[in-house]
Each structure stands twice: as structure tokens, then as C-alpha cells.
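Single-letter residue listing:
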Amino acid sequence: MAASLDLTSLTEFVVEQGDPYVALALHPFVDEGVQAKLEGIIFARKRLKLTFAAAPYTPKTILALLVEEKDEQLRLRLSKNPAVAPPLLAKLFENASPAVIKNLAAHRNTPVEILERIDWQGNEVIRAALCGNSNAPLALLKQLMQSGTSVEKKGIVSNPNSDHTLLSELWDGGDKFIQGEVAAHKACPPELREAALQHPEVLVRRKLASNESLATDCLLLLMKDEDALVRSAAIGNAGLEDDHLGNADDPSIRVRRTEAKREDLSAQFIESLADDEDHWVRRWVARQPAASDAVMQKLAQDEVMEVRRAVGRNPSCPDFILERLAKDEDPWVRAGVALREDLARHILVGLESDEDIDVKSAVGRNPGTDESVLLTIAEHENRDVRRSVIVNPHVPDAALIKLQDDPYPLNRAILSGHPNCLTGNLWFLLKDPEPQVRYTAGKALAVRCLGTA
Amino acid sequence: MKILVAIKQVANLDDEFEIREDGKDVDPDFCDFEINEWDDYSLETALQIRENNGDEGEIVVVTVGPDDAEDELRKCLGKGADRAIRVWDDAIEGSDQVAIARILTKVVEQEAPDMVFMGVQASDNAYAQTGISVAKQLGWPHAAVVSSLDYTPGASTATANRELEGGLEETITVNCPAVLTIQLGINEPRYASLRGIKQAAAKPLDEISHGDLGLSDDEVGEAGSVSRVRKVFVPVKDQAELIEGTPAEQAARLAEILKELSGA
């Protein structure tokens, strides 16, 4: 039975062991008769019910059973659990206490028809929750707006369902914070965008500049704003096309950093930013795939270690630069090179004998690393170094068998949830002392059993 | 060499919980239980001393607690402790730190260790008194809040650094045997290997009552305590405001509050 993929064997094992966490993992995958047996284990203690009612990993089949319970503490936990689906939240709404209703008003899965039925009169907490709920329909937001406090208006103005009428109303009576949110809203009407563009408050113009639905001509104006924060927001706007970029001489470091971070820079613009006095700008430039060999060669000799590492992480970095960076005096730079999955074998061989733990971890993750080296790394004294081998797509089975017994729980947790994990590993981990590991192993085994059925 | 390490199973509260019907504690249904964090460091200190002594010597872990507390003792055995003792009887329920110390004192007298290590405090009740109370009842030297320790088994003294207020440290020498309360960060506690956990199941774990230690019912529980919990409750929340918004908005609101409070 030890390494088999048979759901019957697995359920028999779980029933015999009586482990509530593995039983929980298996529950959605078995038929009703077996489910009933597992429920006896899962619900054996009130403590377990409370734990599973609050846990986002609890399967829908168990949540559906818990929703039927009358216990107020269970219902409170369920009403906050992000995994609870709309029909179950609707069920919770029946005979709900004020505390449960408060949670339902804020829950992202609460159905619209329930949100509409919630009595919000005289309860600030519920009103604020509804205003900020992205499921709240426009009609409800309009009702809430009528008696809205400043906190509630903040919720309404950020709500994606607010329309231009509501936003105009908010703008008219709002302070600069409200107006800023209106300017950032995708439904902000054109006349308010124009007003925001001319607004004396930097905050409002900055929020406008961050609005991704803004027209290019408006963004171009904001790129010339006197305030660096506004220019930076406009340049960072995903709606701005790269051919509008090109000012590498902006006096503000913040603006130049934002420019350097964009993923669509031209080779020419990259070159002009590569000499920037700010190392954060150079660092971002060094990672630009469009950077020329000459730029990368120059930045590979940068005095700042992070810049050199960024060159080593650049997917376009040529081998002759990587060879040099693989011998860099700083281990963090060498580790950056060792992380590259496309690294030439002769460079990787040189790094395989590096004793630094960061380099060792990077070599452990690299699919090109020799199996014998991976086996050695799997026995390294540093727990974080050992973990690197688990995620290596070419990890040898012998290393995984070693790591299933790793004293560091996180390593076993990562192993139990990783596709590399062997079926034999999973059976072994079903008896792990950590509930998370047992749950993940149980679920993975059940999925594999069904996949092979 | 024998080191006795006293540990406690502590409660971690859920976000939402209920108070027990008698109003004196949290309903255990709303708690997760685990070993007190400080005690992990105490045990590690003992394990390292033994390792540096050529693995010679015995480490005994003791706790005063109900059946569930056995889980924590097994974890300690899994890490390398040799033997465990759990003291419990329904009459012990309601013991304060002095009554618990009275029980532990009897265990120390029975075991006659060369050193006693305890955590500075327990994370649930945070009295930080049990260790020192044990030393007082034994009449042994003690050092509290130990952040580093130089002790060779068999030596007549140990040198410890203690954490003081204001970032100060104090180096003291205590005569042995002594009771030391160990501070977080003194070392890096190990994890029990799976092999160690399996082996722990076969290690001796004695279950005894206060009667076995020669204590009467009057010396434990509420009767044997110098303090009693009258009520555990959630205090009424006073004025509080969660400041929301962008950093600029938050700063503006904070300035407004400060002005209001200062009357500006």
C-alpha cells in the first residue's frame, strides 16, 4: 500500500489513523458513505469545527455542512471566511445576528440580493462595510450616499460600481481626498478629469495621473507637471505607450526611477539612463531586456553590488558577461547568476563548488545542476539551502526521500505541496507532525488517485 | 550532570473567543495550545550544554498540566530530552504561580539536578514569577532574564549575562546549583526530527500527582495560592480611530487630532 495511488487504500488509512486534517483534505474526493465516516473525524471536537470554519483551505463540502450549524461562534467565523461561496453566505443571512450581518456586509462573496436586504439604517459599521463592498450595486450605493459620513463616502468613491453621477456628487461636496479618488476612478466623467487636471492640489493631479483609463494627451500634460510626484505617476501609468518616454534628464530621482522600472524602454532610452547618478535607476536599467551588450558590460562593472546582480538577472545578458559575474567578489552577484536556468553548463560548474549559502541555494534550484551536487545540497546544514533542491525540476528521487525527513517543518510543507513530490513522499508525509503538511499531502494524494483512476 | 527544564503548555487565542462560564479564563475551545516560546530556548540551552559536554548527562523536562500538556513534553523528548515528568491532578486546577512553583520545587528536590532552566515568562499569563519563586522556595541562587550563559557541567559556578532595562546587560556569576530563567534569543532552538519524534514515543514520561510529591490538596489549587483570578474580561474599548487613506491623508488627520488634543 505504501506508494500506491488508490483512493480506497487512502481513505482506509485515514479512517484508521483518525487524523482530522487528512480527513478534511479527502472529504471532497470521496463518495457520501465515506464522507460520513470522515465527518466523524473532522467534527470530533468543537475546537476543530471552529478552526475549520475560519480556515480558507476548508473544502466547500465541509463549509456547506458547517453553515447548517446554529452555533453563533461558528457562524461568525464562516461569515468572515473568504472561501465561503455566495449560496452559503445567503444561508448564513437567515436568522443572522448583528455581528454576522456586519461580516456579510463586508464579505466579497455576499450576493447582491443579500446586500440589498441588509438593514443598514442606524448602523455605521454596516454602512461603511457596504460602501466598501465591491459587490454593492449602484442603487444601494446611491441610497447610502444620501446619509453618508466622510468615511462612508471614501468607501463609495473607491467602489468600482460607482457611476459618473455618483462621482460628480462626491466631487462637488468632497475635500481634496475625495476629489483625488474621484479623479482616479475609471468612471470619472470627462469634465471632472479636466477639472482634476487643472486642480491646485498635487494629490488630485497625482491621483488623476494614476488613472489607467486616462487618455494619452492628458497623460502627456501630466508628464510635464511641475510636481515630481505627478510626473512620476503619469510615467508609471500602464496606459502610457513607450514611444512617449524619452526624458532621461528629469531632475527628480523619483521620476527617473519610475522611468527605469518600465518594461518597454527603447535601447536608446536605456542607454541614456545607464549613466544615472542614482544606483536604483541603474539597477532597474540593468534588468531591461532591451539593454545592449555595451550597457550591460558597463553596468556589470558598477561599484554598487545590486546593479551588478541586476545585470546577471537580465535575461538578455550574454555569456561573456555572466562568466565575469560568476566570479564577482560579492556572493549575492554570483547567486544571481547561479539562479539562471539558461546558464551555460561551464559557468554553472564553476559555481557548483561555491560555498556561500546564497550561491549554494541558487545552484540547488538550477535545473542544470549535476545530480550528485543536488544530493550534497539536500544534506546541507543550512535549512534554507536544503529547501532549494525541492523546487528543482530535476531533483533526484534520493534527494526527495532525504528531504521528507527534514527537521525544518517549512521544508516538509513545501515538499508536500510541490509537483516534484513523489507518491512515496506523500504517503510518508501523511504521518508528519505538522497538520499543514499532512493536509497538503492528503490532498495531493487524493488528486493523484483520481488522476489515475 | 542533570539539567531540569520546566516547560508550560500555553494558550494562543483565536481572533474571536468566549470566556469560560465561571468568567475566570478563556474557553479552551477557542485556543490553540503549544509550548511556551521561552521554554523552547531553555530546552535548547540545556541540549547545547550537554552536546558541548560530549553528550554526557541527562535532561529532564517537567510540566504541571493536564493530559493535553503531554504533547509538549513529547516534542521536548523528540528534540533530545531524555525523560519527562507531568504533574497533574484536578486539585491543581486554579493554582497560581506560587502554587505551581511549590509543585516544581518538590520535583526539583526529588530529581536533585545540577541546574534548573525555566523560561523568563509564559506567553499566556506573563507573570514572570514562577522561576524566581522556585528558586526562593528551594533557597537556591538564581538569575533572571539570562541572555547568554557560560556553564560547564560539574563547575561550582556559572556566568550569565542578564538583560536589563535600557539595553544594558549585566554579567553575574551564580553558585550552582541554580535556577536560571532564560530569555528569548539566547540561541536558535532546533526542530525535532521525525526520527526524534518517533523515538520520543518510547522515552519515559512519568505522570504523577501533587500527592506523589508529598503535597496536600491545601498546598495546590486555589487553596494553596496567594492570588486568585477573579475575572477575565475584554476591556471596554475607549476612544480609538483607525486613520485611513493615503499617507498624506493619514498625516493630515493625525495633525488634526494632535491639534484637537493640544487645544491648538
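Computed from a predicted structure; not experimentally measured.

A. Geometry of the overall build of chain B. Looking only at helices and strands, chain B has 6 helices and 11 strands in total. Structurally, chain B occupies a C-alpha span of about 70 × 45 × 40 Å along its principal axes. The proportion of buried residues among the 264 residues of chain B is 37%.

B. Fine view of the sheet that holds strand S4 (residues 58-64) of chain B. All names here are of chain B. Strand order in the open sheet formed by 9 strands is S9-S8-S7-S10-S6-S1-S4-S5-S11, with mixed pairing between adjacent strands. Both outer strands of the open sheet, strand S9 (169-175) and strand S11 (205-208), are each paired with one neighbouring strand and no more. Going from strand to strand, the sheet's axes swing by 35° on average, the running direction of each strand aside. Note that strand S6 (residues 115-119) and strand S10 (residues 178-182) share 5 bridges and pair parallel. When the bridges of S10 are listed, valine 116 appears paired with valine 179. Relative to S6, helix H1 (residues 37-52) is tilted by about 150°, and along the sheet it contacts strand S1 (2-7), S4, S6, strand S7 (142-150) and S10.

C. Focus on unusual backbone geometry. Look at the link from B:Cys176 to B:Pro177: it is a cis peptide, with omega at 0°. For B:Pro177, the location among the structural elements is in the loop between S9 and S10. Backbone geometry places A:Asn95, a non-glycine residue, at a positive phi of 55°. Here A:Asn95 lies in the loop between helix H7 (86-93) and helix H8 (98-106). The class of A:Asn95 is exposed, set by 9 C-beta atoms lying within 10 Å. The phi angle at B:Ala112 is positive, at roughly 50°, despite the residue not being glycine. Locating B:Ala112 in the fold gives a position in the loop between helix H3 (97-111) and S6. Owing to 9 C-beta atoms within 10 Å, B:Ala112 belongs among the exposed residues under this scheme.

D. Here's a closer look at the interface of chain A and chain B. Counting from both sides, the interface comprises 14 residues of chain A and, opposite them, 16 residues of chain B. Among the elements of the structure, helix H4 (46-54) and helix H6 (72-80) of chain A are those that each provide at least two residues to the side of chain A that touches chain B. In terms of residue class, the side of chain A that touches chain B is built from 8 nonpolar, 1 polar and 5 charged.

E. Structural view of the environment of A:Asp6. All names here are of chain A. Looking at where aspartate 6 falls in the secondary structure, it is placed in the segment before helix H1 (7-17). Residue aspartate 6 is classed as partly exposed on the basis of its C-beta count, with 13 C-beta atoms lying within 10 Å. With 443 residues separating them along the chain, aspartate 6 and cysteine 449 place their C-alpha atoms 5.5 Å apart.

F. Molecular detail of the domain arrangement of chain A. Residue and element names in this part refer to chain A. Entries for chain A in the domain assignment read domain 1 (1-44 + 404-453), domain 2 (50-162), domain 3 (171-237) and domain 4 (249-314). Taking the mean C-alpha position of each, domain 3 and domain 4 sit 28 Å from one another. Contacts between domain 3 and domain 4 engage 5 residues on the former and 6 residues on the latter. For the side of domain 3 that touches domain 4, the class distribution of residues is 2 nonpolar, 2 polar and 1 charged.

About the thresholds
Residues numbered from 1 in each chain as written. Chains lettered and ligands numbered in written order. Predicted model: local features only at pLDDT ≥ 70, side-chain atom pairs only at ≥ 80, totals over all residues. Helix = DSSP H or I, 4+ residues; strand = E, 2+ residues; numbered from the N terminus. Buried ≥ 20, exposed ≤ 12 C-beta atoms within 10 Å, placed from the backbone. Pairing = 2+ DSSP bridges. Axes fitted to C-alpha atoms, helices over the stretch in contact; angles between N-to-C directions. Contact = placed C-beta atoms within 7 Å. Nonpolar A, V, L, I, M, F, W, Y, C, P; charged D, E, K, R; others polar. Domains from an automatic or database assignment.

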